[in-house]
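Chains, contacts and geometry: an overview
Each chain, letter by letter, is given below.
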Amino acid sequence: MLSRTADHLYWMARYTERAENTVRMLDVSYRMSLLPSTNGGDTDGWSAILAISELSEAFARSGRPLTASDVIEFVVLDRDNPSSVWNCLRAARENAHAVRGTLTAEMWETTNATWLEIRDITPEKLQATDLGEFFEWVKFRSHLLRGVTFGTMLHDDAFQFVRLGTFLERADNTARLLDVKYHSLLPKADGQNSSTDFYQWGALLRSVSAFETYRHVYRDVITPYKVAELLILNHAMPRSLHACLDEINGILGDIANLHSAEAARQAGELHASLHYGRMDDIFATGLHVWLERFLARINRLGDSISDNFLVPVAA
Amino acid sequence: MSANSTMNAAIPFDEMYAADGSVREHYRPYAEWLAQMPHERIARKRSEADVAFHRVGITFNVYGEEGGKERLIPFDLLPRIIPGTEWTALEAGLRQRVKALNAFLADIYHGQEILRAGRLPADQVLNNAQFRPEMKGVDVPGGLYAMIAGIDLVRAAGADGKGEYYVLEDNLRVPSGVSYLLENRKMMMRLFPDLFSRYNVQPVEHYPDLLLETLRAVAPAGVLNPTAVLLTPGAFNSAYFEHSFLAQQMGVELVEGQDLFVKDDTVYMRTTQGPKRVDVIYRRIDDDFLDPEVFRADSMLGVPGLMAAYRAGRVTLANAVGTGVADDKSIYPYVPEMVRFYLGEEPILNNVPTYMLRKPEDLAYTLAHLPELVVKEVHGAGGYGMLVGPAATKAEIEDFRQLIVAAPEKYIAQPTLSLSTCPTFVDAGIAPRHIDLRPFVLSGGKEIRMVPGGLTRVAMKAGSLVVNSSQGGGTKDTWVVS
């Protein structure tokens, strides 16, 4: 298939996944802010949201106060914020538009309808809607596109590039989420786990739809160590780093060409580190350091995929 | 010019109703169906069609419009119905005309017999901006230049009350609109399946297959299993929907200039599996933008080296480079002469009588009769740069007069045809609106083929004669019934 077509499919999937993960984060912080125990200006959660998406500086430049409604508006609707949900869904739709002939009618209609619906939402309208419902809507539009893709698209190379985009973006997003949340949620020096911590960890799990999964897997109280293990090493957990790398590694094997050895090597190496890695070693390295390295490697893998298959990233 | 008086008949020919108000025979089953159809149901179907077209994204980008650049082309639910016998005659005329036009193109880029025979003034051709000297002596597969032609037909009331078809213009460069023809049919069958049991409507859905066969038939000699692609200017082009639609329906790659490159006079596309050779390019970009090394150097849409590969016979362009010289409005008056010269036949289809303003006597007549005439720019298209005398204000006419006097050779004039009307759903109910018809004629291999009917365009404004979608025109499903 055309490299440019593959590029559009890949980015369509990446932007859709990014929009979904952004509202997953927002949803959790929003629900947390409704808890009585965090009454009175809990700004940590909101600044963490900005940090995860590397938006702290851009937010500061916008001159907005660090309040829940301003952060939500900035992250969801701001036209000048290139990773706002609004811009992600616009970019997803533009990429889909450029290759609509490669998509099935249902895929195109789903992407287009999502965009048409969010296009005209103003800050005022957003304030007036039930935020929880809105976040749910974005998540379900993403579910719908993924399901429609799986259920209607020929499982050929084009399909593989859509999936590749999804899992590369998800690996990046899960790692970021874990990094920032983990940092701000580490047990306090006194070693006491307060009930707030329980809710915070519970919220992190919920943001990746893994609260019940955790219970099912560990049948134990929630501990930071196990949360990290579930989201990093558990290959059966669909949003874990290991699961994403399983997919990426498999797809790169399927679509290999004469010039793609480097991308395959990087993915294989990264996959092996998760497949054979141990949590104790990761913690010995330091989780933050380990995740930062992981993000850098995922980033490099993305560049190699672009160079080897897609439209090379401009220098 | 004796046809003027009849063509200017005050009452236009209506496709559905005869002059005495009775329903024409081929519309009777429809009229009966319509009579027992509740208005609310029609209204509901109209909004259903609107929603569906928006969702599917069958939109049209309009030049010069801010912001919301994607707009729906209004789709009218009342079909334009053509009796099978009428179509058979039209089809023969279209075949003949396109055959002559291709013969003309082959001739002027080779021996130029028609010029030497004095049947057409040489300077009209050789000094025409659309004449491409780069094409002189270049042999193209099958001697075909306009593999895809869109011939615009209009119908006016004849003296005997019968409608008479006229060719308004030939589109031999990159004619568009066929996707609407196909989508309109799909929509009608979805909205009113019961109607199709009352009529034997000839199918059109196989157009993409015909097109693909046409493209493969004109591949460079010796290529056994040719790879065809569709070259688009990109997602912001007004006809992008059609480009992606046709590529998908044919199962060929939709490429932009940046996806192609030329090496050793061979065209390749960049794929995820490395370079792949391209043999036939159905190009939907104008000559000027094809190759920055030969035509416009600032073109970002084309492929450097493409013309060299083309002239070496290593790739086929459909349509060929340089077809514009045959559909130019200054050449149009000579098409009947081409039919006589190349085919030795009398033209089956009528031309609209045309005044060529580079001729002093035609110029004088036109300037004296501006309020009655339609004046068009010779190189204009899409309803831009024209004057519709009867619909224009005095000031507009005077402004246009200055333009004509400044450069008469840039214009032609024609009597204002009272285009036929067809009943159309409007806000106030059903009312007659002017229509035209664009059949798409495919030439590849030995045969000239087309799907029955064509795209019917309709001027949605009462009394308006401008049907172009860029000017707010709409479309109808077109049925050839047997």
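Each value, and the rule that gives it
- Residues numbered from 1 in each chain as written.
- Chains lettered and ligands numbered in written order.
- Predicted model: local features only at pLDDT ≥ 70, side-chain atom pairs only at ≥ 80, totals over all residues.
- Helix = DSSP H or I, 4+ residues; strand = E, 2+ residues; numbered from the N terminus.
- Rg over C-alpha atoms; globule rule 2.2 N^0.38 Å.
- Buried ≥ 20, exposed ≤ 12 C-beta atoms within 10 Å, placed from the backbone.
- Contact = placed C-beta atoms within 7 Å.
- Pairing = 2+ DSSP bridges.
- Nonpolar A, V, L, I, M, F, W, Y, C, P; charged D, E, K, R; others polar.
- Axes fitted to C-alpha atoms, helices over the stretch in contact; angles between N-to-C directions.
- Parallel < 35°, antiparallel > 145°, perpendicular 65-115°, else oblique.
- Left-handed = near helix turned anticlockwise from the far one by under 90°.
- pLDDT = per-residue confidence, 0-100.

1. Regarding the overall build of chain A
Check the secondary structure of chain A and you find 16 helices and zero strands. Relative to its length of 315 residues, chain A is compact, with a C-alpha radius of gyration of 19 Å against a globular reference of 20 Å. Residues classed as buried in chain A amount to 46% of the 315 residues present.

2. So, the overall build of chain B
From N to C terminus, chain B includes 14 helices and 23 strands. Relative to the globule expectation of 23 Å for 482 residues, the C-alpha radius of gyration of chain B, 23 Å, shows essentially globular dimensions. Counting every position in chain B, which comprises 482 residues, the buried fraction comes to 44%. Partitioning the intrachain contacts of chain B with sequence separation of at least 6 by distance along the chain shows that 69% fall at a separation of at least 24.

3. Comments concerning the sheet that holds strand E16 (residues 386-388) of chain B
All names here are of chain B. Overall, antiparallel pairing links the four strands, which are arranged E14-E17-E15-E16 in an open sheet. Taken across any chain shown, the strands that pair with only one partner, and hence form the sheet edges, are strand E14 (355-356) and E16. Relative to strand E17 (residues 411-415), E14 runs antiparallel, the two sharing two bridges. When the bridges of E17 are listed, Met 356 appears paired with Ile 412.

4. Overview of the interface of chain B and chain A
Between chain B and chain A, the contact holds 20 residues from the first and 19 residues from the second. Only helix H3 (39-56), helix H9 (240-250), strand E7 (253-255) and strand E9 (266-271) of chain B provide two or more residues apiece to the side of chain B that touches chain A. If one sorts the elements of the side of chain B that touches chain A by residue count, H9 of chain B sits on top with four residues. For the side of chain B that touches chain A, the class distribution of residues is seven nonpolar, eight polar and five charged.

5. Thoughts on the packing of helix H1 (residues 3-33) of chain A against helix H8 (residues 131-152) of chain A
Residue and element names in this part refer to chain A. The N-to-C vectors of H1 and H8 enclose an angle of 150°; their axes lie 9 Å apart at closest approach. The orientation of H1 with respect to H8, classified from their angle, is roughly antiparallel. The way H1 lies across H8 gives a crossing that is left-handed. The residues of H8 that touch H1, namely those facing Thr 16, Glu 17, Ala 19, Glu 20, Val 23, Arg 24, Leu 26, Asp 27 and Tyr 30, are Leu 131, Gly 132, Phe 135, Val 138, Lys 139, Ser 142 and Leu 145. Taken together, the residues of the contact of H1 with H8 break down into eight nonpolar, three polar and five charged.

6. A few points about the sheet that holds E9 of chain B
Through backbone hydrogen bonds, the strands of a sheet pair up, either in parallel or in antiparallel fashion. Residues and elements named next belong to chain B. The three strands are arranged E8-E9-E10 in an open sheet whose pairing can be described as antiparallel. A strand with exactly one partner marks an edge of an open sheet, and here the two such strands are strand E8 (260-263) and strand E10 (274-277). The average angle at which neighbouring strand axes cross in this sheet is 40°, direction not considered.

7. Re the confidence of the model for chain A
When pLDDT is averaged across chain A, the result is 89; 92% of the residues are at 70 or more. Averaged over each element, pLDDT in chain A is lowest for helix H10 (residues 195-207) of chain A (79) and highest for helix H13 (residues 241-254) of chain A (96).

8. Quick look at the pairing of E10 of chain B
Residues and elements named next belong to chain B. As paired elements, E9 and E10 share four bridges and run antiparallel to each other. Residue pairing in the sheet places Met 269 in a bridge with Lys 276 of E10. Counted along the chain from E9 to the antiparallel partner E10, the turn is two residues long.

9. Remarks on the environment of Ala 156 of chain B
Residues and elements named next belong to chain B. For Ala 156, the position within the fold is in strand E4 (residues 148-157). Residue Ala 156 is classed as buried on the basis of its 23 C-beta neighbours within 10 Å. Sequence separation of Ala 156 and Pro 304 is 148 residues, and the distance between their C-alpha atoms is 47 Å.

10. Observations regarding unusual backbone geometry
Note that the residue after Ala 318 of chain B, namely Asn 319 of chain B, is joined by a cis bond; omega there is -5°. Along the chain, Asn 319 of chain B falls in the loop between strand E12 (316-318) and helix H11 (324-327). A positive phi is found at Ser 209 of chain A, a non-glycine position, where the angle reads about 55°. You can see Ser 209 of chain A is positioned in the loop between H10 and helix H11 (211-218). Judged by local crowding, Ser 209 of chain A falls into the partly exposed class, with 13 C-beta atoms found within 10 Å. In the Ramachandran plot, Asp 264 of chain B falls in the positive-phi region, its phi being about 50° despite a non-glycine side chain. Relative to the assigned elements, Asp 264 of chain B resides in the loop between E8 and E9.

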